[in-house]
Structure formats: C-alpha cells, structure tokens
Amino acid sequence: DTLLRYWLAAIVLIGISGFCWHAWHHQWIQGLQVMISVFVVSCPCALGVAIPLADDMAATKLQQLGVFLRSTTFWSRIRKVKHVIFDKTGTLTLERPLLVDPSAVTMLDDAAAKALAHLTNGSLHPVSRSLLEHLGGRGQRLLKASSPLSISETAGQGLELLDGSDHWTLGRSGWKVVDSDASAGSTVFSRNGQVVAAFRFVDALRPSAVSALNALQKRQIQLHILSGDAPEKVAAIAEKLSISPQNAHGGLLPEQKSSAVRDIDQKNTLYLGDGANDSLAFDAAYVTGTPVTDRSLLESKSDFYTLGSGLSFLPQLFSIAQARARGVLHAFLFALSYNIIVITLSLLGMMNPLLAAILMPLSS
C-alpha cells in the first residue's frame, strides 16, 4: 500500500511534468496527449493485483497442508526466521500423552476420583485430558452427583481446588506437596500436601516430526525446545529429533520460556506452542504458530494455526514462502520494466491515448 501511494504520486508528477515541458515549447496538444497517455498507460496492477494474488495462492497452498494464516504480515516475516522454537507436549508430541500405569487412576477412592475429575474436567492441558479419559464413566458420574467446585490454575505449575476441608492439587512434581522425591518426574496428585498418586506419562512424537525437523536443519535453521516438562523427558525427545542438548531445556516456567525466547530472538524466531504457559513466549517471538484451534488464547495471538496431527507442513512453510517471494519479485520486475518503457514512449510523444488504453489492460 505504501509503495502504491508513492507510485501513483510519481505518475501524476511525471504526467504533469510531460505536459508542462511540451507546453513550454508551445506544443499544447502534444503535451495534453503525453499527459493523458502517461496517466492511462501506467499500470500498477502488477503490484496492486498480482502481489495480493500471489499471497492468496500461497495461502491456498498452505490451507491444503492444513495451515491457516491469521496475519497479513506473515510472508515478510517468515523468510527472516533462522530459529524454530518448540514447546514439547502437544507440539512436538501428540496432544495427549499415554499414561504408563492406568491402575494409578482406577485404584483411587471415590473422594480422590471426584477431586481429580473436577480438576481435569475444565482443563485443556494434555495431561488433564488424558487423566479425564482414564476416569471414564466413573468420573462423569461423580461430576454429575456433586456440585461444581472452583478450580484455580497456576500457569506452568498445576491446578488446585478446595472441597470442604480438603485441599487438592494436580501439578508438577514438588509443587505444594510435602515429599515429592518419590514422585520426581511425574504429575503429582495430592491431598492436603500429601501425595495421593503420581502419574507417569510417555510421549509419542507427532507424525513426520523426525523428517520435518531434519528438513529444517538442512535449511540451516536452528531448532530449540523450551518446555515445562521434566528435563529428562525433554532430553529424550531432543535426542530422537537430533536437536542439540544445549538447545533443549526442560522444567521452565512461563516467564523463563519468555526470557529464553528473548535471548534467542533477533527478529528471526518462530515459536510453536499449544498451552497457556506458552502465552508469554508468544509475546516474545517474531513469528508464532499453534496446533490448537479450540483454545482462544493462543489461537487468537498466533500468526497461523494448523489442523491435523503431523509436522510435515513446517519445511513446506518455508518453501512456499520462497515461491511466493519469487512470484512477487517477478511481478515487480515486470511492472518496473513495462512502466519504464511505456512511460518513456509516452513522454517522447510516441504513445497516443487509444494505444495506451489497449496496452494497460493487456499488461494487467
């Protein structure tokens, strides 16, 4: 838009200048013909039409891959990206981790099962969803038989509720529990500070994660993991994906994630995350994306969101951006060459308004 404003201003000045020059030499009719020809034959359509068309075609290609853009400045920024930063759970791995020992849920007494159902029912965290699924029909019956309870969440730590005199928590190891040594690396469910159960999960990588990240590394893009999950789990995922251990960090709070992104970012980072604890990191990153479409917080802040479970779109994101840039460059070079030629012919008096009126739509 800025370029077109200057373009049109320049065309007006060139046309009027051509008229004035011929009028100064007492060629009023010739000057009028020159001015009209310049105004008619000059065509910003290669910029004003072709470039938005290139944007739409590129966006359509992304949609075929399950990627949907929300930002009009995405294309100019994505080509500057040199660092791709991932959250782990739900981003590099499938959204719902697998519970190693389902009996840890089934053996809970009714009071504990009811508290766990309340804690997980309103949560969108992948671990909460997995636990609610394992509670199954029992959890739903307990929810229906009890009154709603107020749940509070501490981002990056966990959930808690008060049920009468009992204080229940579900969160990372060491959070609001008396003794967490035995449950290190687990998601801990506690009652009044005492561990009731420790849930261990295993992660499954998203489809095509290995090949997609290998393709990014071939493009000389550095890969990072910033996760609130246990450092040993992050290290295991990083090893599977051939990400340098120095670039894989676990046990981070939201503020620490944001700080780490700011340390990396030189207006060249892409951050991919899926949870509320990624919100501050989103604010610090240059480009953002999320695989989540049912949580308004990140979806509304991201430059793009994705559908589907795989990561194969990632290297193609950069390929399409390069193709779109080539299309824009070709359109610009054509517009520049065409306008230099026809405006020069017009100023020399070799273009009449009728020919100009024919050439302009042909050039479009």
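Bear in mind that the values here come from a model prediction, so they are computed numbers and not experimental data.

**Points about unusual backbone geometry**
The phi dihedral of H26 is positive, around 60°, even though this residue is not glycine. Here H26 shows up in the loop between helix 1 (2-24) and helix 2 (28-41). If you check the backbone angles, S242 has positive phi at about 60° while not being a glycine. Looking at the element boundaries, S242 is found in the loop between helix 10 (231-240) and strand 11 (248-249). Classification of S242 as partly exposed rests on a relative accessible area of 46%.

**A short note on the side chain of H118**
Within the element layout of this structure, H118 appears in helix 7 (residues 110-121). When its relative accessible area of 9% is taken as the criterion, H118 is described as buried. Here H118 is in contact with L143, S146, S147, P148, L149, I151 and L161, once residues within four sequence places are set aside.

**Concerning the confidence of the model for the protein chain**
Summarising the model, the protein chain shows a mean pLDDT of 88, and 96% of its residues fall at 70 or more. Averaged pLDDT values over the elements of the protein chain bottom out at 70 in helix 3 (residues 45-48) and peak at 97 in strand 2 (residues 83-86).

**Focus: the sheet that holds strand 10 (residues 222-226)**
Judged by pairing direction, the sheet is mixed, and its 7 strands sit side by side in the order 1-14-13-12-2-10-11 without closing on themselves. The open sheet has two edge strands, strand 1 (67-69) and strand 11, and neither has a second partner. Judged from the 2 bridges that link them, strand 10 and strand 11 form a sheet pairing that is parallel. In the strand pairing of strand 11, I225 is matched with A248. Contacting strand 1, strand 2, strand 12 (269-272) and strand 14 (304-306), helix 14 (residues 313-347) runs over the sheet at an angle of about 145° to strand 12.

**Concerning the pattern of salt bridges**
According to the stated counting rule, one finds 10 salt bridges in the structure shown. Two residues, D87 and K257, come together in a salt bridge whose shortest N-O distance is 3.0 Å. Placement of the pair is D87 in the loop between strand 2 and strand 3 (98-99) and K257 in helix 11 (residues 254-264), with a sequence separation of 170 residues. Residue class for D87 comes out buried when judged on its relative accessible area of 5%. In this structure K257 comes out as buried when scored by relative accessible area, which is 0%. The residue D229 makes a salt bridge to K88 at a minimum N-O spacing of 2.9 Å. You can see D229 sitting in the loop between strand 10 and helix 10 and its partner K88 sitting in the loop between strand 2 and strand 3, a full 141 residues away along the chain. With relative accessibility at 19%, the residue D229 sits in the buried group. On the basis of relative accessibility, which here comes to 0%, the residue K88 falls in the buried class. One connected set of salt bridges, linked through shared partners, spans D87, K257 and D278.

**Looking at the nonpolar core**
Core analysis: the biggest nonpolar cluster contains 35 residues, and I78, V84, F86, L213, L270, L317 and F318 have the highest contact counts within it. Of all the secondary structure elements, the ones that give two or more residues to this core are helix 4 (50-64), helix 5 (74-78), strand 2, helix 9 (209-218), strand 10, helix 10, strand 12 and helix 14. Look past the residues within four positions of L213 in its chain and what remains in contact with it is F86, L92, L223, L241, I243 and L311.

**Let's talk about helix 1**
Here helix 1 contains 23 residues, and its C-alpha end-to-end distance of 33 Å stays within 8% of the 33 Å for a straight helix at 1.5 Å per residue. H26 sits one or two positions beyond helix 1 and adopts a positive phi of about 60°.

**Here we look at a nonpolar patch on the surface**
Nonpolar side chains collect at one region of the surface, where L354, L355, I358 and L362 lie side by side and expose about 420 Å² of accessible area between them. The residue L362 is located in helix 15 (residues 353-363) in this model. Taking the relative accessible area as the measure of exposure, L362 reaches 66% and is therefore exposed.

**Notes on the packing of aromatic side chains**
In the structure shown here, the tally under the stated rule is 9 aromatic pairs. Ring geometry for F68 versus Y305: centroids 5.6 Å apart, planes at 20°, classification stacked. Linking F68 in strand 1 with Y305 in strand 14, this pair joins segments that are 237 residues apart in sequence. Taking 6.1 Å as the distance between ring centres and 15° as the angle between the ring planes, the aromatic pair formed by F334 and Y338 counts as stacked. Placement of the pair is F334 and Y338 together in helix 14, with a separation of 4 residues, close to one helical turn. For F334, a relative accessible area of 42% translates into the label partly exposed. Site record: aromatic cluster; members linked through ring pairs are F74, W75, F304 and F313.

Conventions and cut-offs
- Residues numbered from 1 in each chain as written.
- Predicted model: local features only at pLDDT ≥ 70, side-chain atom pairs only at ≥ 80, totals over all residues.
- Heavy atoms only, no water.
- Helix = DSSP H or I, 4+ residues; strand = E, 2+ residues; numbered from the N terminus.
- Buried < 20%, exposed > 50% of the residue type's maximum accessible area, 1.4 Å probe, protein only.
- Contact = heavy atoms within 4.5 Å.
- pLDDT = per-residue confidence, 0-100.
- Pairing = 2+ DSSP bridges.
- Axes fitted to C-alpha atoms, helices over the stretch in contact; angles between N-to-C directions.
- Salt bridge = Lys/Arg side-chain N within 4 Å of Asp/Glu carboxyl O.
- Core = buried A, V, L, I, M, F, W, Y, C linked by side-chain atoms within 4.5 Å.
- Expected span 1.5 Å × (residues − 1).
- Patch = residues over 30% accessible without salt bridge, like charges linked within 9 Å, V, L, I, M, F, W, Y side chains within 5 Å.
- Areas by Shrake-Rupley, 256 points an atom, 1.4 Å probe, with all protein chains shown as cover.
- Phe/Tyr/Trp six-rings, centres within 6.5 Å; stacked < 30°, edge-to-face > 60°.

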